[in-house]
Amino acid sequence: MILPALAEAESPFWRPVKYSLFPPLGLATLAAYLSPSDEIDLQDQHVETLRLDDTPDLVIIQVYITNAYRAYRIADLYRSRGAYVLLGGLHVTSLPEEAMMHADSIFLGPAEDTFPQFLDDFKHHRPRKIYRSAVRTLVGAPPVRRDLIKRERYLVPNSLVVTRGCPHHCHFCYKDAFFEGGKSFYTQKVDDALAEIERLPGRHLYFLDDHLLGNPNFATALFDGMKGMKRVFQAAATVSSILDGDVINKAAEAGLRSVFVGFETFSPENLRQSNKKQNLERDYVKAVQRLHDLGIMINGSFVFGLDNDDRDVFRRTVDWGVQNGITTSTYHLLTPYPGTPLYRSMEQQGRILTKNWDMYDTRHIVYRTQNLTQEELQRGYDWAYREFYSWKNIFHSSFVHPSFSRKIQHLLYTGGWKKFEPLWNMLIKAHRLNRMLPVLESILETNSRG
Ligand code: SF4
């Protein structure tokens, strides 16, 4: 089982630590369907050098858009050696014809129903070329094969996913393309999710769910069950799920200490263009205040390059983040991923500039811009990152928080994440990254003590 490195992970401009956060959970999830007697080797090129000199019966490769070419080269190599090669993942589902040329079988959509079916077909020497997911359920899914994960190489090995998909339909998001042909949002049984949490060692958890609060009933039951487990965790949620009801309070009581929030844009026109209805007319500042009152840090996500953006969008976005004490900001250049409504509309308008998938990393401009020139957009994006993470602004945003401990927490989290690259690189090289987990836990915990 191979997760090839994303093209950007090897660029000198990118930060190795960003690619050593989470283990390849999708492959470890599929491995659970294999027999305990099968010999499995799970390799993640982000944290190890791939060993490709073996002769396995079966090779399973997870394909994202920016590792697609690399994945295809590895697939071709193993096929030339006689191995049976499976390709699956977001990019394969978006562009099956392209992937098919490099695989014996491809998987479209989530593979919880189709992978066991394939294994049976493979055993009986009648595997199909295409497996398209139709039955969407996590009921009865076996426990993730975490024994295959090299925990010491990841900063947060306790990543988990207890739901699939998201109830919303933003036009730039891959989600609908991946889940086409069936349910696009479903959850584990609460007891199964709690059992998975119990199996994880230590205290820290990172939920990689697109929207952990997407089903309020499920989320409420999950957080009620987690109360008293003494966990600290990080997750993602939408602005509306933070403002509505009291699920976010329950999350905080259960140990939520940091949340990824898709603010994306302040412009109602941009939100409409993106079909991000759930953010329309929602008070972002109120959402931020509510999170801060609950002791939850914020990783804000913002998109630049939507059609209504002007030259001031970069300064407005950075200033807003600093003035509101946003802990970390993730900026993206708008990227029309194949298979999404955004891609279709850009293609219809003749605005797609390149189909070199390596460029689709949210850091390169791959479409013809509208209000801004390409240079303005690229320069503004680079400036926003530099400016938000300048020491001046890190101090400024830390001091927005009322209490001393919260100020220090913000300073340590943001400074530690962005300003200590040589330390991160040294730990990665020594395969000791996981040693920093207690430090992360302790910083997250400052909130509950402050
Ligand atoms: S809310 Fe997030 S995960 Fe859900 S559809 Fe929109 S971008 Fe995708």
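So, here's what we can say about the structure. Throughout this description, residue numbers start from 1 for each chain and increase along the sequence as written. A pLDDT threshold of at least 70 governs which residues receive local features in this predicted model, and a stricter bar of 80 or more applies before side-chain atom pairs are shown or counted, although totals over entire chains, interfaces and linings include all residues.

We note that glutamate 264 has phi near 65°; this positive angle belongs to a residue other than glycine. Helix and strand definitions follow DSSP, with helices as H or I runs of at least four residues and strands as E runs of at least two, each counted in order from the N terminus. Among the secondary structure elements, glutamate 264 is positioned in strand E12 (residues 256–264). With 22 C-beta atoms packed within 10 Å, glutamate 264 lands in the buried category. Positive phi is not limited to glycine here, since threonine 362 has a value of about 65°. Among the secondary structure elements, threonine 362 is positioned in the loop between helix H14 (341–348) and helix H15 (374–388). With C-beta atoms placed from the backbone, a residue is buried if 20 or more other C-beta atoms are within 10 Å of its own, exposed if 12 or fewer are, and partly exposed between those counts.

Mapped onto the fold, proline 402 is located in the loop between helix H16 (391–398) and helix H17 (404–419). The exposure class of proline 402 is exposed, given the 11 C-beta atoms found within 10 Å.

By the criterion of burial, strand E4 (residues 84–88) is predominantly enclosed, with four of the five residues buried. Where strand E3 (residues 58–62) and E4 come together, five bridges link them in parallel fashion. Pairing of valine 59 across the sheet is with valine 85, part of E4. Orienting the strands away from the viewer, one traces the path from the first strand over the helix to the second; a clockwise path indicates a right-handed crossover. After leaving E3, the chain enters helix H2 (residues 68–80) and then returns to the sheet as E4, a path that is right-handed. Only strands that DSSP links by at least two bridges are regarded as paired with each other. Sheet analysis places E4 next to strand E5 (residues 105–108), joined by three bridges and oriented parallel. Of the residues in E5, the one forming a bridge with leucine 87 is isoleucine 106.

Moving on to the packing of helix H7 (residues 190–199) against helix H8 (residues 216–226). Only the contacting stretch of a helix is used when fitting its axis, a line to C-alpha atoms as for every element, and angles between N-to-C directions run 0 to 180 degrees. Where H7 meets H8, the axes come as close as 10 Å, and the angle between the chain directions of the two elements is 40°. If you check the angle between H7 and H8, you find them oblique. Taken as a pair, H7 and H8 cross one another with a handedness that is right-handed. Contact with H7, carried on its side by Val190, Ala193, Leu194 and Ile197, involves Phe218, Ala221, Leu222, Gly225 and Met226 of H8 and no other residues of that element. Here is the rule for angles: anything less than 35 degrees is roughly parallel, anything more than 145 is roughly antiparallel, 65 through 115 is roughly perpendicular, and the remaining ranges are oblique. Left-handed is the label given to a crossing in which the near helix is rotated counterclockwise from the far helix by less than a right angle, and right-handed is the label when the rotation is clockwise. Two residues qualify as being in contact provided that their C-beta atoms, derived from the backbone, are within 7 Å of each other.

Lining the immediate surroundings of the ligand are Cys166, His168, His169, Cys170, Cys173, Lys175, Asp210, His211, Thr238 and Gly262. Under the convention adopted here, Pro, Cys and the residues Ala, Val, Leu, Ile, Met, Phe, Trp and Tyr are nonpolar, Asp, Glu, Lys and Arg are charged, and Gly plus all remaining residues are polar. When grouped by side-chain class, the residues that make up the shell around the ligand number three nonpolar, five polar and two charged. Think of it this way: take the backbone, place a C-beta atom on it, and check whether that atom is within 6 Å of the molecule or strand, in which case the residue is near it.

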